Amino acid sequence: MVVPLVSVIIPTYNRRSVLERAICSVLSQTFKDFELIVVDDGSQDSTSELLSQFDGKLKAVYQENHGVSSARNLGIRHAQGELLAFLDSDDEWLPDKLARQTAQFDSAGPWFVCHTDEIWLRDGNQVPQKKYHFKQGGHFFERALERCLMSPSSVMISRTLLNKVGHFDEELTAAEDYDLWLRITAFHEVHFVPEPLVIKHGGCRDQLSQTVPAIDRFRIRAIQKILAMPELCEDYRRSAALELIRKCEIVASGCERKGKKLEAEEYRALARSYQHAQTEPA
């Protein structure tokens, strides 16, 4: 089996203190046929100084601050590989991560996407995953609607497939990964390595889960996008509409608790429009 070049893309913004750990975890991979691209999304700390220490071992790309989706997409444009792997700058890989994923490439052909299991740490302590967090391979669009079951740091994807479904949506401030996974799982099988090959470090104050309130607002927009696709099968369309209605109620209730009654009504009106569509005769 001939495995294509793997392009590893790390987007980063003001994470000098943890970026070195992520870079070293890539350079320590047992699979060696990769290039490493670090996209500095307008950092104002000493990130550029750190990257200069790895001169010759990675390609450093700089842009003004436009967000993580823009940074990943810029990395994709600079990438030479047919296989693309992403790593968030506050996470790290175990040494066999790329080797275990590329081993699955031959059976998948051009529509290849693969993720792995993960270890979750918070303040250095392992966090147990609940049953509904458990990851899987195959077809799992309905589960992907409910919550984000794949993380960018665990995913390897062929450029062919990514070009087909579209890159990261730069208009989404958050849930940009959820949006992409919906566009993939709605139409394609996902490969899975059931080994924890990624260490995700939680609790950082600059993570989107900490800085962006009511992330379900962006998941609703992602579901609206998938519902607008005429090729989506009817079973998936029904499941997506029901999940959108559920998330609208969650966001509306949150708005009410904060005294944002007009915004709450907007989400309930959106839910009613999809409820009406569900009851219309085919």
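What counts and how
- Residues numbered from 1 in each chain as written.
- Predicted model: local features only at pLDDT ≥ 70, side-chain atom pairs only at ≥ 80, totals over all residues.
- Heavy atoms only, no water.
- Helix = DSSP H or I, 4+ residues; strand = E, 2+ residues; numbered from the N terminus.
- Buried < 20%, exposed > 50% of the residue type's maximum accessible area, 1.4 Å probe, protein only.
- Contact = heavy atoms within 4.5 Å.
- Areas by Shrake-Rupley, 256 points an atom, 1.4 Å probe, with all protein chains shown as cover.
- Lys, Arg positive; Asp, Glu negative; His and termini not counted.
- Charge placed at Lys NZ, Arg CZ, Asp CG, Glu CD.
- Core = buried A, V, L, I, M, F, W, Y, C linked by side-chain atoms within 4.5 Å.
- Polar contact = N/O pair within 3.5 Å; in protein donor to acceptor, adjacent residues only side chain to side chain.
- Expected span 1.5 Å × (residues − 1).
- Salt bridge = Lys/Arg side-chain N within 4 Å of Asp/Glu carboxyl O.
- Pairing = 2+ DSSP bridges.
- Right-handed = clockwise from strand over helix to strand, strands pointing away.
- Axes fitted to C-alpha atoms, helices over the stretch in contact; angles between N-to-C directions.
- Parallel < 35°, antiparallel > 145°, perpendicular 65-115°, else oblique.
- Left-handed = near helix turned anticlockwise from the far one by under 90°.

A word on the overall build of the protein
Thinking step 1. Of the regular secondary structure elements, the protein holds eleven helices and nine strands.
Thinking step 2. Residue burial in the protein is summarised as follows: out of 282 residues, 52% are buried.
Thinking step 3. Taking all contacts inside the protein whose residues are at least 6 apart in sequence as the whole, residues at least 24 apart take part in 74%.
Thinking step 4. In the structure as shown, the protein presents an accessible area of about 13500 Å², 50% of it carried by carbon and sulfur atoms.
Thinking step 5. Of the charged side chains in the protein, 35 are positive and 41 negative, and the gap between their average positions amounts to 4 Å.

A short note on the nonpolar core
Thinking step 1. Counting 55 residues, the largest nonpolar core has Phe141, Ile157 and Ile223 as the members making the most contacts within it.
Thinking step 2. Sort the elements by how many residues they give to this core and helix H10 (residues 234–257) lands first, with nine residues.
Thinking step 3. Setting aside residues up to four positions removed in sequence, isoleucine 157 forms contacts with Glu82, Leu83, Leu84, Phe86, Phe112, Val113, Leu162 and Ile184.
Thinking step 4. Among the nonpolar cores identified, the runner-up in size contains 28 residues, and Val6, Ile23, Phe34 and Leu197 belong to it.

Here we look at the side chain of glutamine 104
Thinking step 1. Tracing the sequence through the fold places glutamine 104 in the loop between helix H4 (97–102) and strand S6 (113–122).
Thinking step 2. Overall, glutamine 104 belongs to the buried group, its relative accessible area being 18%.
Thinking step 3. In terms of polar contacts, glutamine 104 uses its side chain to reach the backbone carbonyl oxygen of phenylalanine 192, at 3.3 Å.
Thinking step 4. Those residues in contact with glutamine 104 that sit more than four places away from it in its chain are Phe112, Cys114, His191, Phe192 and Val193.

Let's talk about H10
Thinking step 1. If you check H10, its first and last C-alpha atoms are 35 Å apart, about what 24 residues at 1.5 Å a residue would give, namely 34 Å.
Thinking step 2. Just beyond H10, the residue with positive phi is glycine 259, at close to 80°.

Description of the pattern of salt bridges
Here the idea is simple: oppositely charged side chains can pair when their charged atoms come close.
Thinking step 1. Using the criterion set out here, one finds 20 salt bridges in the structure.
Thinking step 2. Aspartate 91 is the partner of lysine 200 in a salt bridge, and the nearest nitrogen-oxygen pair spans 3.0 Å. Here lysine 200, found in strand S9 (residues 191–202), pairs with aspartate 91, found in the loop between strand S4 (83–86) and strand S5 (92–93); they are 109 residues apart in sequence, far enough to count as distant.
Thinking step 3. Three or more residues joined by partner-sharing salt bridges are found here, namely Asp216, Arg219, Glu243, Arg246 and Lys247.

As for the pairing of strand S3 (residues 59–63)
Thinking step 1. As judged from the five bridges shared by strand S2 (residues 34–41) and S3, these two strands associate in the parallel manner. Its bridge partner lying in S3, aspartate 41 is registered against glutamine 63.
Thinking step 2. Each parallel crossover has a hand, and the one from S2 via helix H2 (residues 47–52) to S3 is right-handed.

Things to note about the environment of leucine 51
Thinking step 1. As for its placement among the helices and strands, leucine 51 is situated in helix H2.
Thinking step 2. It is 13 Å that separates the C-alpha atoms of leucine 51 and serine 89, two residues lying 38 residues apart in sequence.
Thinking step 3. Leucine 51 has contacts with Leu19, Ile23, Val38, Leu58 and Ala60, leaving out every residue within four places of it along the chain.

Considering the environment of leucine 242
Thinking step 1. Tracing the sequence through the fold places leucine 242 in helix H10.
Thinking step 2. Residues leucine 242 and leucine 161 lie 81 residues apart in sequence; the distance between their C-alpha atoms is 27 Å.

Here's the deal with the packing of helix H9 (residues 216–227) against H10
Thinking step 1. Their axes nearest at 9 Å, the elements H9 and H10 cross at an angle of 155°. Between H9 and H10, the angle falls in the class roughly antiparallel. Note on packing geometry: the crossing formed by H9 with H10 is left-handed. Across from Asp216, Arg217, Arg219, Ile220, Ile223, Gln224, Ile226 and Leu227 in H9, the residues of H10 making contact are Arg237, Ala240, Ala241, Glu243, Leu244, Lys247, Cys248, Ile250 and Val251.

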